[in-house]
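Summary of structural features
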Amino acid sequence: MIKIAFGGGCHWCTEAVFQSLKGVEKVEQGFVASTAENASFSEAVIVHFNPEEISLKTLTEVHLITHKSTSNHSMREKYRSAIYTFSEAQKEEASDLIKSFQPDFEHQLITRVLPFSVFKGSREAIQNYYLKNPEKPFCKKFIHPKLEMLSKKYSEHIKKQTHPII
């Protein structure tokens, strides 16, 4: 099992997206901090995955297309667009992957590759938010469309039983 962390949008959305993927064994929802100017906490998830079932390339592509990875909006401190890595090799691979996906986007990707420093888990009541609350308005408005898009574009990677709408 390998782990990597992703941040970009609401961690309820990010958690639901990665929980839907085959090869992802565990998703920890919470807040991640990096180092230096990125040492503040930002919403993110730690994804534990089996690289024999799903590649970092697929995880990275899913991450880039399921949040505003080209938008440097005013909430970027709370929703830092980042891939947090646990090793130098992982940092290099993630950086190369972002570069390789850039031609697929009309605007410049702002997603940064940062060293993982600290994780603070969300309170229990909001963990597994989508799995517990798929019919809540937030889930219908923000998470359902992402999962529907993933089920079409990445059907071979989707756990059919995980999400009620897939």
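Above: the structure in question.
Starting from 1, residues in each chain are numbered consecutively following that chain's sequence as written. The predicted origin of the model limits local features to residues at a pLDDT of at least 70 and limits the giving and counting of side-chain atom pairs to 80 or more, whereas totals for whole chains, interfaces and linings rest on all residues. Calculation of side-chain values draws on the structure's entire complement of heavy atoms; hydrogens and water are dropped beforehand.

Secondary structure summary: the chain contains 5 helices and 6 strands in total. Put simply, DSSP H or I for four residues or longer makes a helix, DSSP E for two residues or longer makes a strand, and each gets a number counted from the N terminus. Counted from the first residue to the last, the chain has its helices and strands arranged as β-α-β-β-α-β-α-β-β-α-α. In terms of overall size, the chain behaves like a compact globule, its C-alpha atoms giving a radius of gyration of 15 Å where 166 residues would be expected to give roughly 15 Å. In terms of overall dimensions, the chain has C-alpha extents of about 40 × 35 × 30 Å along its principal axes. For the exposure calls, accessible area comes from a 1.4 Å probe over protein chains only, and a residue counts as buried if that area is under 20% of its type's maximum, exposed if over 50%, partly exposed in between. Considering the chain as a whole, with its 166 residues, one finds that 51% of them fall into the buried category. The contact criterion used throughout is that any non-hydrogen atoms of two residues lie within 4.5 Å. If you take every contact in the chain between residues at least 6 apart in sequence, the share linking residues at least 24 apart comes to 75%. In these tables, accessible area is a Shrake-Rupley quantity obtained with a 1.4 Å probe, and a residue counts as shielded only by the protein chains included in the view. When the accessible area of the chain is evaluated, it comes to approximately 8,200 Å², of which 52% is carbon and sulfur surface. C-alpha atoms define the radius of gyration in this analysis, and the globule rule sets the expected value at 2.2 Å times the number of residues to the power 0.38.

Our focus in this paragraph is helix 5 (residues 137-153). Expected span of a helix, by definition, is 1.5 Å for each gap between consecutive residues, and there is one gap fewer than residues. Counted at 1.5 Å a residue, the expected span for helix 5 with its 17 residues is 24 Å, and the 24 Å between its end C-alpha atoms agrees. Among the residues of helix 5, those classed as buried are Cys139, Ile143, His144, Leu147 and Leu150. Packing partners of the buried residues in helix 5 comprise helix 1 (11-19), helix 2 (56-65) and helix 4 (129-132).

Residues are called lining when one of their atoms sits within 4 Å of a cavity or pocket point, these points coming from a 1 Å grid over the protein atoms alone, where a cavity is a set in which a 1.4 Å probe fits but cannot get out and a pocket is an open set with protein on both sides within 12 Å along at least five of seven lines. Grid points are joined across faces, edges and corners, and a volume is the space filled by probe spheres set on the points. For the coordinates displayed, the defined rule picks out 1 cavity of 30 Å³ or more. Taken as a whole, the largest cavity encloses approximately 60 Å³ of empty space.

Ordered by their spatial adjacency, 6 strands build an open sheet running 5-4-1-3-2-6, and the pairing between neighbours is mixed. Each of the sheet's edge strands pairs with one partner strand only, and the pair in question is strand 5 (112-115) and strand 6 (118-121). Mean inter-strand twist for the sheet, computed between neighbouring axes without regard to direction, equals 35°. Paired strands, as defined in this entry, are two strands with at least two bridges between them according to DSSP. Two elements, strand 2 (residues 24-33) and strand 6, share 4 bridges in a ladder whose sense is antiparallel. Directly across from Gly30, in strand 6, lies its bridge partner Gly121. To get an axis, a line is fitted to the C-alpha atoms, and for a helix only the part in contact is used. The angle between two axes follows their N-to-C directions and goes from 0 to 180 degrees. Against the sheet, helix 1 touches strand 1 (2-7), strand 2 and strand 3 (42-49), its axis set at about 160° to strand 2. Each of strand 1, strand 4 (82-85) and strand 5 touches helix 3 (residues 88-101); the most contacted strand, strand 4, lies at about 160° to it.

Turning our eyes to something else, we now look at the packing of helix 1 against helix 5. At a minimum axis separation of 10 Å, helix 1 and helix 5 run at an interaxial angle of 35°. You can see that helix 1 and helix 5 cross each other, and the crossing is right-handed. Residue-level contacts link Trp12, Cys13, Ala16 and Val17 of helix 1 to Phe138, Phe142, Ile143, Lys146, Leu147 and Leu150 of helix 5. Its residues placed into classes, the contact of helix 1 with helix 5 shows 9 nonpolar, no polar and 1 charged. Note on convention: near helix rotated counterclockwise from far helix by under a right angle means a left-handed crossing. Clockwise means right-handed. Asp, Glu, Lys and Arg are counted as charged, while Ala, Val, Leu, Ile, Met, Phe, Trp, Tyr, Cys and Pro are counted as nonpolar; the rest, among them Gly, fall into the polar class.

Taken as a whole, the largest pocket spans an internal volume of roughly 320 Å³. Residue lining of the largest pocket: 13 residues in total, with Gly9, Cys10, Lys68, Phe142 and Lys146 positioned closest to the centre. Here the lining of the largest pocket gets 3 residues from one element, more than from any other, and that element is helix 5. Classifying every residue of the lining of the largest pocket by side-chain character gives 6 nonpolar, 5 polar and 2 charged.

Once that is clear, we can look at the packing of helix 2 against helix 3. Interaxial distance between helix 2 and helix 3 falls to 10 Å at its minimum, and their mutual angle equals 55°. Here helix 3 runs oblique to helix 2, going by the angle between their axes. Judged by the sense of rotation from one axis to the other, the crossing of helix 2 with helix 3 is right-handed. Note on element contacts: helix 3 touches helix 2 through Gln90, Glu93, Ala94, Leu97, Ile98 and Phe101, opposite Leu56, Lys57, Thr60, Glu61 and Leu64. Considering only residue class, the contact of helix 2 with helix 3 consists of 6 nonpolar, 2 polar and 3 charged. The scheme is simple: roughly parallel for angles under 35 degrees, roughly antiparallel for over 145, roughly perpendicular for 65 to 115, oblique for anything else.

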